[in-house]
Amino acid sequence: MITIIGGFARETGKTTIAVNLAVNRAQRKESVAILDCEPDNAAMDWLKMRHRFGFEIGSIYPDTYQIDVFAGSGDIAGTLNTLSQKYDHVLVDVSARNMKAMLSAMQVADKFYTPVHLDEIHGGMRISDLAKMITENKAVNPKMGAYVFANRSSFPGNAPNKEIAQTVSHVTYISPYICLQSDWPIMEHDIVKQSSCLGLGLDEIPIICDDAGICDAQDAWDELGVLANHVFGDAPYMYPKGYTMHHSLFQEDGESMTV
């Protein structure tokens, strides 16, 4: 399966999401490749840190973890098809800074996920541009599902927040092919930054902290786990305590359906 973690906005955590999804599959002994199309090659740097520090610090067993990272740019559709024959999962880390690569990846991808800061979605995300791209791509690759989710969010997922409702309405109005799921945002967590700096996945970093820190880490694991369940089709969908599924936003070809 080919999954894009992409979008227009910067600093939304695309690489962090991509590497943690890779770890999620590797822990199941499934082979994973990340195609790093970002100019700063953040995913490749993460892998270097993983080999330098992660295998010593985290609970990692190198012989059971197959995560490879490759650099990509330009027309990458052929490369993705080749990688998908060798690996169980291929994740593409890409943004508008490598627009040709993002458009090329969309031609062959199964899913496209865009992390956003939900409270900034009207401005920095350029949602209209994304919606236009996805709508046009439907003619080339009708199988690709497109999803927007909140990452590094500043308010809880179960809050009856008026701004959330407005954002949902805004996204679904612009494109019937984009699903925005606001019920399970990934919040801002210190442990996410710590794990990335060590080349670790979120649940691989040793937890040495107080009770509040442990609870925060558990919340982060739960939130990322819900996203991983949706990306990889794991069942059942397990939502963290306090989170609700009250929007029918999973849309395909203009029709709404819930999970």
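In this report, we go over the structure that sits alongside the text. Bear in mind the structure is a predicted one, so any value in this text is a computation, not a measurement.

A word on unusual backbone geometry
No. 1: In this model, Lys-29 sits at a positive phi of 65 degrees, which is unusual for a non-glycine residue.
No. 2: Relative to the assigned elements, Lys-29 resides in the loop between α1 (14-26) and β2 (32-36).
No. 3: Its relative accessible area of 65% is what places Lys-29 among the exposed residues.
No. 4: The backbone of Asn-41 sits at a positive phi, close to 50 degrees, despite the residue not being glycine.
No. 5: Checked against the element boundaries, Asn-41 lands in the loop between β2 and α2 (42-57).
No. 6: Under the relative-accessibility criterion, Asn-41 is labelled partly exposed at 27%.

Section: the packing of aromatic side chains
No. 1: If you walk through the whole model with that rule in mind, you get 3 aromatic pairs.
No. 2: Note on Tyr-113 and Tyr-147: the rings are 4.9 Å apart at their centroids and 25 degrees apart in plane angle, and the pair reads as stacked. You can see Tyr-113 sitting in strand β5 (residues 111-116) and its partner Tyr-147 sitting in strand β6 (residues 145-153), a full 34 residues away along the chain. Residues Tyr-113 and Tyr-147 agree in their burial class; the two are buried.
No. 3: Between Tyr-113 and Phe-149, the aromatic rings sit 6.5 Å apart at their centres with planes inclined by 65 degrees, giving edge-to-face as the arrangement. Of this pair, Tyr-113 sits in strand β5 while Phe-149 is found in strand β6, placing the two residues 36 residues apart along the sequence.
No. 4: Among the residues examined, Tyr-113 registers a relative accessible area of 1% and is labelled buried.
No. 5: Phe-149 sits in the buried class, given a relative accessible area of 2%.

Digging into the side chain of Arg-50
No. 1: Tracing the backbone shows Arg-50 in helix α2.
No. 2: Classification of Arg-50 by relative accessible area gives buried; the value is 2%.
No. 3: A polar side-chain atom of Arg-50 sits 2.9 Å from a polar atom in the side chain of Glu-204.

Considering the layout of surface pockets
No. 1: Looking at the largest pocket, its volume works out to about 650 Å³.
No. 2: Lining the largest pocket are 32 residues, and of these Glu-11, Gly-13, Lys-14, Thr-15 and Thr-16 sit closest to its centre.
No. 3: Listing elements by their share of the lining of the largest pocket, those giving two or more residues are α1, α2, β6, β7 (178-187), α7 (190-197) and α8 (211-232).
No. 4: Among the elements that make up the lining of the largest pocket, the one with the highest residue count is α1 (6 residues).
No. 5: Taken together, the residues that form the lining of the largest pocket break down as 13 nonpolar, 9 polar and 10 charged.

What counts, and where the lines are drawn
Residues numbered from 1 in each chain as written. Predicted model: local features only at pLDDT ≥ 70, side-chain atom pairs only at ≥ 80, totals over all residues. Heavy atoms only, no water. Helix = DSSP H or I, 4+ residues; strand = E, 2+ residues; numbered from the N terminus. Buried < 20%, exposed > 50% of the residue type's maximum accessible area, 1.4 Å probe, protein only. Phe/Tyr/Trp six-rings, centres within 6.5 Å; stacked < 30°, edge-to-face > 60°. Polar contact = N/O pair within 3.5 Å; in protein donor to acceptor, adjacent residues only side chain to side chain. 1 Å grid on protein atoms, 1.4 Å probe; cavity = no way out; pocket = protein on both sides within 12 Å on 5 of 7 lines; lining within 4 Å. Points joined across faces, edges and corners; volume = space filled by probe spheres on them. Nonpolar A, V, L, I, M, F, W, Y, C, P; charged D, E, K, R; others polar.

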